[in-house]
Amino acid sequence: MTYYFSMSSYGESAFVEQTLDGETLPGISEGEIIVIRSTRRKKNISAYRQGGRIVVSIPARMSKADERAMIPEMVAKIRAQEAAATMSEEGLATRVDQLLTELAPEIVLRPSTITWRAMRERWGSCTSTDRTIRISDRLKGAPEYVLDYVLFHEAIHLQFFDHGPEFKGLLARFPLEAQAEAYLSGYEAAENALTAPEALKKLLNKGG
Ligand SMILES: [Zn+2]
């Protein structure tokens, strides 16, 4: 099934279609790719990351066969760029250790694993029972202090499960708390604004 509607917020006459008509390509999860068929675009193709998704803009007249052949290439290109700029999971673990040692030495617990995870509703999560931490892959391009802030937040949860006074007292030791909070709220506001059209929201929800 294909859903078409115009997307005026992209500043061009365009159509968004459901990811590859529901077909799944190897290594590409459902709902991860949004294809925009632009009537203004004549032959060039572009792809960029928007929140948890990759938006690929193609000429309106491109055939389905060409689309299918080209999308994995564009996705691979974006992923390679991101991988080059992304901290490894070992790097995340090292960073948590440094942050706790510097800012909250009274917490001696360390996470058993830290993993990047596709999470659109949360920035991070910590399961204290098995000491696992997950960080939203939306933070892959974030400034270092923002990633640090989220890592520190989740690391405090190893010891303090809720956001009570002890938790808040520790979190307040993070030097750029206000700036990091502002970045995260701004990101969420932009994400909401960019996905504002109701039809797009419905489309995105279908993909999970
Ligand atoms: Zn929390």
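It should be emphasised that the depicted structure is a prediction, and the values quoted were computed from it without experimental measurement.

1. Describing the overall build of the protein chain
When helices and strands are counted, the protein chain shows six helices and seven strands. Counting the 208 residues in the protein chain, one finds 21% classified as buried.

2. Topic: the packing of helix α2 (residues 89-103) against helix α3 (residues 144-156)
Interaxial distance between α2 and α3 falls to 9 Å at its minimum, and their mutual angle equals 75 degrees. Classed by the angle they form, the pair α2 and α3 counts as roughly perpendicular. Residues Leu92, Arg95, Val96, Leu99, Leu100 and Leu103 of α2 form the contact with α3, whose own contacting residues are Asp148, Leu151, Phe152 and Ala155.

3. Comments concerning the pairing of strand β7 (residues 132-136)
Among the five residues that make up β7, four are buried, leaving the element largely enclosed by the rest of the structure. Between strand β6 (residues 124-127) and β7, which pair antiparallel one after the other, the connecting turn spans four residues, and Arg131 there sits at a positive phi close to 55 degrees.

4. Things to note about α3
Each α-helix turn comprises 3.6 residues. Residues three or four places apart therefore point the same way. End to end, α3 covers 18 Å across 13 residues, agreeing with the expected 18 Å (1.5 Å per residue, within 8%). Here α3 lies mainly inside the structure; ten of its 13 residues are buried. Regarding α3, the residues found buried are Val146, Leu147, Asp148, Tyr149, Leu151, Phe152, His153, Glu154, Ala155 and Ile156. For α3, the secondary structure elements touched by its buried residues are α2, β6, β7, α4 (165-171) and α5 (177-194).

5. So, unusual backbone geometry
Non-glycine residue Arg131 carries a positive phi angle of around 55 degrees. If you trace the backbone, Arg131 turns up in the loop between β6 and β7. In this structure Arg131 comes out as partly exposed when scored by C-beta crowding, with 16 C-beta atoms within 10 Å.

6. With respect to the nonpolar core
Core analysis: the largest hydrophobic core is formed by 21 residues, its most contacted members being Val96, Leu99, Ile135, Leu151, Phe152 and Ala155. Residue assignment for this core shows that the elements contributing at least two residues are α2, β7 and α3. Looking at which element gives the most residues to this core, the answer is α3, with seven residues. Within the second largest apolar cluster, eight residues are counted, among which are Ile33, Ile58, Ile71 and Met74.

7. Some words on the sheet that holds β7
Within the open sheet, the three strands sit side by side as β5-β7-β6. Their pairing is mixed. Each end of this open sheet is capped by a strand with a single partner; those strands are β5 (113-117) and β6. On average, each strand axis in the sheet is inclined to that of its neighbour by 15 degrees, with strand direction left out of account. As defined by bridge partners, β5 adjoins β7 across five bridges and the pair is classed as parallel. Its bridge partner lying in β7, Ile114 is registered against Ile133.

8. Some details on the confidence of the model for the protein chain
On average, the protein chain scores 82 in pLDDT, and the residues at 70 or more come to 78%. A low-confidence stretch, residues 1-14 (pLDDT under 50), is modelled with 33 contacts involving residues beyond four sequence positions or located in other chains. In the model, residues 18-22 has pLDDT below 50 throughout and makes 17 contacts with residues more than four positions away in sequence or in other chains.

9. Some thoughts on the packing of α3 against α5
α5 packs onto α3 with a crossing angle of 100 degrees between their chain directions and a minimal axis gap of 9 Å. Classified by the angle their axes make, α3 and α5 are roughly perpendicular. Listed contacts from α5 to Tyr145, Val146 and Tyr149 of α3 are Glu177, Gln179, Ala180, Tyr183 and Leu184. Split into classes, the residues belonging to the contact of α3 with α5 amount to six nonpolar, one polar and one charged.

10. What to know about the environment of Thr113
Relative to the helices and strands, Thr113 is located in strand β5. Residue Thr113 is classed as partly exposed on the basis of its 13 C-beta neighbours within 10 Å. Placed 19 residues apart in sequence, Thr113 and Thr132 show a C-alpha to C-alpha distance of 5.0 Å.

Reading guide: rules and limits
Every chain is numbered on its own, with residues counted from 1 as its sequence reads. Given that this is a predicted model, residues contribute local features only at a pLDDT of at least 70 and side-chain atom pairs are listed and counted only at 80 or more, while totals for whole chains, interfaces and linings are drawn from all residues. Labels follow the DSSP assignment, with helices taken as runs of H or I lasting at least four residues and strands as runs of E lasting at least two, numbered in each case from the N terminus. Buried means a residue has 20 or more other C-beta atoms within 10 Å of its own C-beta, exposed means 12 or fewer, and partly exposed covers the counts in between; C-beta atoms are placed from the backbone. Interaxial angle, 0 to 180 degrees, is taken between N-to-C directions of lines fitted to C-alpha atoms, where a helix line uses only the stretch in contact. Note on terminology: angles under 35 degrees are roughly parallel, angles over 145 are roughly antiparallel, angles of 65 to 115 are roughly perpendicular, and the others are oblique. Placing C-beta atoms from the backbone, we regard two residues as in contact once those atoms come within 7 Å. By this definition, two strands are paired if DSSP reports at least two bridges between them. One fewer than the residue count of a helix, multiplied by 1.5 Å, yields its expected span. A set of buried residues qualifies as a nonpolar core if it consists of Ala, Val, Leu, Ile, Met, Phe, Trp, Tyr and Cys joined through C-beta atoms within 7 Å. Confidence per residue, as judged by the predictor, is encoded in pLDDT with a range of 0 to 100. Residue classes follow a fixed rule: Ala, Val, Leu, Ile, Met, Phe, Trp, Tyr, Cys and Pro count as nonpolar, while Asp, Glu, Lys and Arg count as charged, and any other residue, Gly among them, counts as polar.

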